[in-house]
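Working through the structure, step by step
Chain by chain, the residues run as shown.
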Amino acid sequence: MPRPVDVLPPLAVVGDRLLTGLRDVTSDLAALDGTGFWAVVVPFEGEPVCARFDEVRPARPWRGPAWVGVEPHTWTSSLDRGAFEAGVRAIRDAIERGDVYQVNLTRVLSAPLPAGADVAALGAALALGNPAPFSAVVRVPSHGVHVASASPERFLERDRDRIWSSPIK
């Protein structure tokens, strides 16, 4: 029987590294100047979550229960068809005027999680057949953070005083 998600231990899988041993969590981005290995989640709305972990080691294949998914009919979108089409028209107009040259129109898809669902299992399922070099899973239940990403692009990386980004959009 799967454990409730609020009792699963905090972890992060960033690329090929597994982070465990949660030391502390803060919303203060200045804390990133400190030592340690951080996993950072910046939501669209709300405070950032910066989680510092003590242990970093090579990630291993997922050995837990398989991801079971959600019921297809339960998905909702932040944009209905009309709103999405209006967004595309607005982007085309802005490109034609020369205001922008590239825009990524996105929408949020949501569905209720099955009981006992673990974001680490979702991350493992996303990784099957999808070698996304900048994939990540961040699970910090005490702060309501359950994120899985299968991104093929580096959004932002920092190493001491060097910051770089290499988006593909």
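Residues numbered from 1 in each chain as written. Predicted model: local features only at pLDDT ≥ 70, side-chain atom pairs only at ≥ 80, totals over all residues. Heavy atoms only, no water.

**Concerning the pairing of strand β10 (residues 162-166)**
Note the cut-off: At least two bridges found by DSSP between two strands is the condition for calling them paired. Secondary structure elements are taken from DSSP: a helix is a run of H or I of four residues or more, a strand is a run of E of two residues or more, and numbering for both begins at the N terminus.
Here strand β9 (residues 154-159) runs beside β10; their pairing, made up of 4 bridges, is antiparallel. Residue pairing in the sheet places Asp159 in a bridge with Arg162 of β10. The turn joining β9 and β10, which pair antiparallel and follow one another in sequence, is formed by 2 residues; a positive phi near 55° is taken by Arg160.

**Structural notes on the sheet that holds strand β8 (residues 145-149)**
What counts is decided by this rule: Angles here are taken between N-to-C directions and fall from 0 to 180 degrees, while the axes themselves are lines fitted to C-alpha atoms, restricted in helices to the stretch in contact.
Sheet architecture is open: 6 strands sit in the order β3-β4-β2-β1-β7-β8, paired in antiparallel fashion. Two strands close off the open sheet at either side, each with one partner strand: β3 (37-41) and β8. For this sheet, the mean inter-axis angle between neighbouring strands, taken without regard to orientation, is 30°. Across 4 bridges, strand β1 (residues 11-14) lies against strand β7 (residues 136-140) in antiparallel orientation. Bridge pairing links Leu11 to Arg139 in β7.

**Notes on the packing of aromatic side chains**
Convention followed: Pairing of aromatic rings covers Phe, Tyr and the six-membered ring of Trp, with a centre-to-centre limit of 6.5 Å; geometry is then stacked below 30 degrees between planes, edge-to-face above 60, and tilted otherwise. Remark: a charge is flagged as sitting over a ring if the NZ atom of Lys or the CZ atom of Arg is within 6 Å of the ring centre and within 35 degrees of the ring normal.
The full count for this structure, using the stated rule, is 0 aromatic pairs. A cation sits over an aromatic face here: Arg107 above Phe84, 6.0 Å from the ring centre.

**Section: the pattern of salt bridges**
The following threshold applies: Salt bridges are identified by distance alone: a Lys or Arg side-chain nitrogen within 4 Å of an Asp or Glu carboxyl oxygen. Burial status follows relative accessibility: with a 1.4 Å probe on protein chains alone, a residue under 20% of its type maximum counts as buried, one over 50% as exposed, and anything between as partly exposed.
Tallied over the entire structure, the rule returns 6 salt bridges. A salt bridge links Glu55 to Arg57, with the shortest nitrogen-to-oxygen separation between them at 3.5 Å. By relative accessible area, which is 42% here, Glu55 ends up partly exposed. Under the relative-accessibility criterion, Arg57 is labelled partly exposed at 39%. Across the pair Arg81 and Glu85 runs a salt bridge whose closest N-O atoms are separated by 2.9 Å. Taken together, the residues Arg81 and Glu85, both in helix α1 (residues 81-97) and 4 residues apart, mark about one turn of the helix.

**Comments concerning the nonpolar core**
In plain terms, the rule: Take the buried Ala, Val, Leu, Ile, Met, Phe, Trp, Tyr and Cys residues and link them wherever side-chain atoms come within 4.5 Å; each set so joined is a nonpolar core. We call two residues in contact whenever any of their non-hydrogen atoms come within 4.5 Å of each other.
With 10 residues, the main nonpolar core is built from Ala12, Leu19, Ala39, Val41, Val49, Ala51, Phe53, Val138, Val140 and Val145. Residue assignment for this core shows that the elements contributing at least two residues are β3, β4 (49-58) and β7. Sorting elements by how many residues they give to this core places β4 first, with 3 residues. When sequence neighbours within four positions are dropped, the list of residues in contact with Val138 reads Leu11, Ala12, Ala39, Val41, Val119, Val145, His146 and Val147.

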